[in-house]
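# Coordinates in review
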Amino acid sequence: MDDWHIQLKPFLGGLGDMPQEPRKGRDVYNGYIRGCGLKYGNLKDLCFADPVFTEAYELATAPSPNGKPRTVVSPLNLINIFTILRLNLAPRQSPGHIVEFGALRGGSAIFMAFAAKTLLPGTQVISFDTFAGFPETNAEIDVYREGSFEKVDLDELRGHTASLGLNNLTFIEGRFEDTLPGALKEIGRVCLAHIDCDVYDAVVYSYEQVKPYLGEGAYLIFDDPLVPSCIGAFEAVEEYLIRRDGLHAEQVFPHMVFRSP
Ligand SMILES: C[S@@+](CC[C@H](N)C(=O)[O-])C[C@H]1O[C@@H](n2cnc3c(N)ncnc32)[C@H](O)[C@@H]1O
């Protein structure tokens with residue numbers, strides 16, 4: 001698993017003697033390696049030369065029945081998720097499960113489940129959504145409104161993932177407020193939460209619900225806060241993770257990554 005040789009541009013030489021212990025609850029060194037590896041290094045090339053990544057990526061970006069790609073998550077964000085799975089979680093023994101808040105057409109969940117099958121045997125991926133668009137949103141801060149995004153044919157999605165042999169992937173249908181409390185209790189320890197639900201209330205609620213189940217050093221990946229149309233997601237992170245819980249981000253490119261305390 002450590003046959004990846006991440007090369008960075010010479011101006012990042014300071015990383016050579018950076019302490020590799022956690023600082024303020026986050027692994028600064030690893031955050032730099034991933035973020036700079038993507039922007040100023042060869043991480044993208046390494047991923048596209050990796051057969052597990054390329055197959056997962058093809059599945060995630062393949063067209064869904066309505067002709068749109070299965071995922072709206074950007075390639076860089078998928079690369080970063082894959083890098084965390086491969087470099088940071090795969091070396092751990094039974095790290096826990098992966099949860100996703102915001103499945104839409106299932107693309108990023110399929111991506112993570114396909115990669116986890118090889119990299120994290122025993123880890124389940126559980127992805128939540130209404131599959132009918134957003135419930136009510138907060139008009140003071142969110143640009144999305146009730147019903148934004150589309151209705152997804154969940155039977156088709158489940159049939160599709162079964163045909164891919166992804167028996168480590170479960171989709172749970174309903175508003176987070178109705179599904180998360182019971183489901184998370186059953187899932188148990190979480191090693192990675194992919195929070196991809198765009199709007200203030202949903203980001204706050206999913207973070208609050210998953211928090212008690214995060215294993216030590218679990219990854220909290222926020223797809224949206226730095227996206228121009230998702231200031232509500234950013235406000236949720238500002239208020240709950242940064243101000244209230246005093247967390248520091250391990251990465252801000254290509255998306256925000258925090259570690260559980
Ligand atoms: C950006 S999409 C997810 C994208 C997806 N991860 C992908 O691979 O393309 C955001 C999703 O969050 C869901 N969502 C937002 N708030 C929700 C809530 N309170 N309960 C359930 N689903 C919610 C929406 O229905 C929408 O499908």
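Summarised in this report is the structure supplied together with it. Please read these numbers as outputs of a predicted model, since none were measured by experiment.

Along the backbone of the chain there are nine helices and six strands. Relative to a compact globule of 261 residues, whose C-alpha radius of gyration would be 18 Å, the chain shows 18 Å and is just as compact. Its C-alpha atoms give the chain principal-axis dimensions of about 50 × 40 × 35 Å. Scored against the burial criterion, the 261 residues of the chain give a buried share of 55%.

For the coordinates displayed, the defined rule picks out 15 aromatic pairs. Relative to phenylalanine 176, the ring of phenylalanine 101 lies with its centre 5.9 Å away and its plane at 70°, an arrangement referred to as edge-to-face. One end of the pair, phenylalanine 101, is in strand 1 (residues 97–101); the other, phenylalanine 176, is in helix 7 (residues 176–187), with 75 residues separating them in the sequence. Assigned by exposure class, phenylalanine 101 and phenylalanine 176 land together as buried. An aromatic cluster is present here, built from Trp4, Phe48, Phe53, Tyr57, Phe82 and Phe111 joined pairwise through their rings. A cation sits over an aromatic face here: lysine 39 above phenylalanine 253, 5.2 Å from the ring centre.

Within the secondary structure layout, glutamine 251 lies in the loop between helix 9 (231–244) and strand 6 (256–259). Engagement of the side chain of glutamine 251 in a polar contact is seen with the side chain of arginine 34, the distance being 2.7 Å.

For the largest pocket, the calculated volume is near 560 Å³. Forming the walls of the largest pocket are 38 residues, and the residues nearest its centre are Phe134, Phe149, Asp196, Cys197 and Asp198. Looking at the lining of the largest pocket, the elements that each hand over two or more residues are helix 5 (107–119), helix 7 and helix 8 (200–210). Per-class residue counts for the lining of the largest pocket are 17 nonpolar, nine polar and 12 charged. Of the pockets and cavities examined, the second largest pocket occupies roughly 240 Å³.

Moving on: the pattern of salt bridges. Tallied over the entire structure, the rule returns 11 salt bridges. We note a salt bridge from arginine 86 to aspartate 50, for which the minimum N-O separation is 2.6 Å. Of this pair, arginine 86 sits in helix 4 (residues 75–89) while aspartate 50 sits in the loop between helix 2 (43–48) and helix 3 (51–61); the two residues are 36 residues apart in sequence, bridging distant segments of the chain. For aspartate 50, a relative accessible area of 7% gives the class buried. As a salt-bridge pair, aspartate 245 and lysine 211 come within 3.0 Å of each other at their nearest N and O atoms. Taken together, the residues span a long stretch of sequence, with aspartate 245 in the loop between helix 9 and strand 6 and lysine 211 in the loop between helix 8 and strand 5 (214–222) at a distance of 34 residues. Given a relative accessible area of 31%, lysine 211 falls into the partly exposed group. Each of the salt bridges in this network shares a partner with another, and the network as a whole consists of Glu208, Lys211, Arg244 and Asp245.

Let's shift gears to the nonpolar core. Among the nonpolar cores identified, the biggest contains 45 residues, and Phe82, Leu85, Ile98, Phe111 and Leu192 are the most heavily contacted of them. Those elements that provide at least two residues to this core are helix 2, helix 3, helix 4, helix 5, helix 6 (154–163), strand 3 (169–173), strand 4 (190–195) and strand 5. Top contributing element to this core by residue count: helix 5, with nine residues. One finds Ile126, Phe134, Phe176 and Ala236 within the second-largest nonpolar core, a separate group that totals 36 residues.

Criteria and thresholds
- Residues numbered from 1 in each chain as written.
- Predicted model: local features only at pLDDT ≥ 70, side-chain atom pairs only at ≥ 80, totals over all residues.
- Heavy atoms only, no water.
- Helix = DSSP H or I, 4+ residues; strand = E, 2+ residues; numbered from the N terminus.
- Rg over C-alpha atoms; globule rule 2.2 N^0.38 Å.
- Buried < 20%, exposed > 50% of the residue type's maximum accessible area, 1.4 Å probe, protein only.
- Phe/Tyr/Trp six-rings, centres within 6.5 Å; stacked < 30°, edge-to-face > 60°.
- Lys NZ or Arg CZ within 6 Å of the ring centre and 35° of its normal.
- Polar contact = N/O pair within 3.5 Å; in protein donor to acceptor, adjacent residues only side chain to side chain.
- 1 Å grid on protein atoms, 1.4 Å probe; cavity = no way out; pocket = protein on both sides within 12 Å on 5 of 7 lines; lining within 4 Å.
- Points joined across faces, edges and corners; volume = space filled by probe spheres on them.
- Nonpolar A, V, L, I, M, F, W, Y, C, P; charged D, E, K, R; others polar.
- Salt bridge = Lys/Arg side-chain N within 4 Å of Asp/Glu carboxyl O.
- Core = buried A, V, L, I, M, F, W, Y, C linked by side-chain atoms within 4.5 Å.

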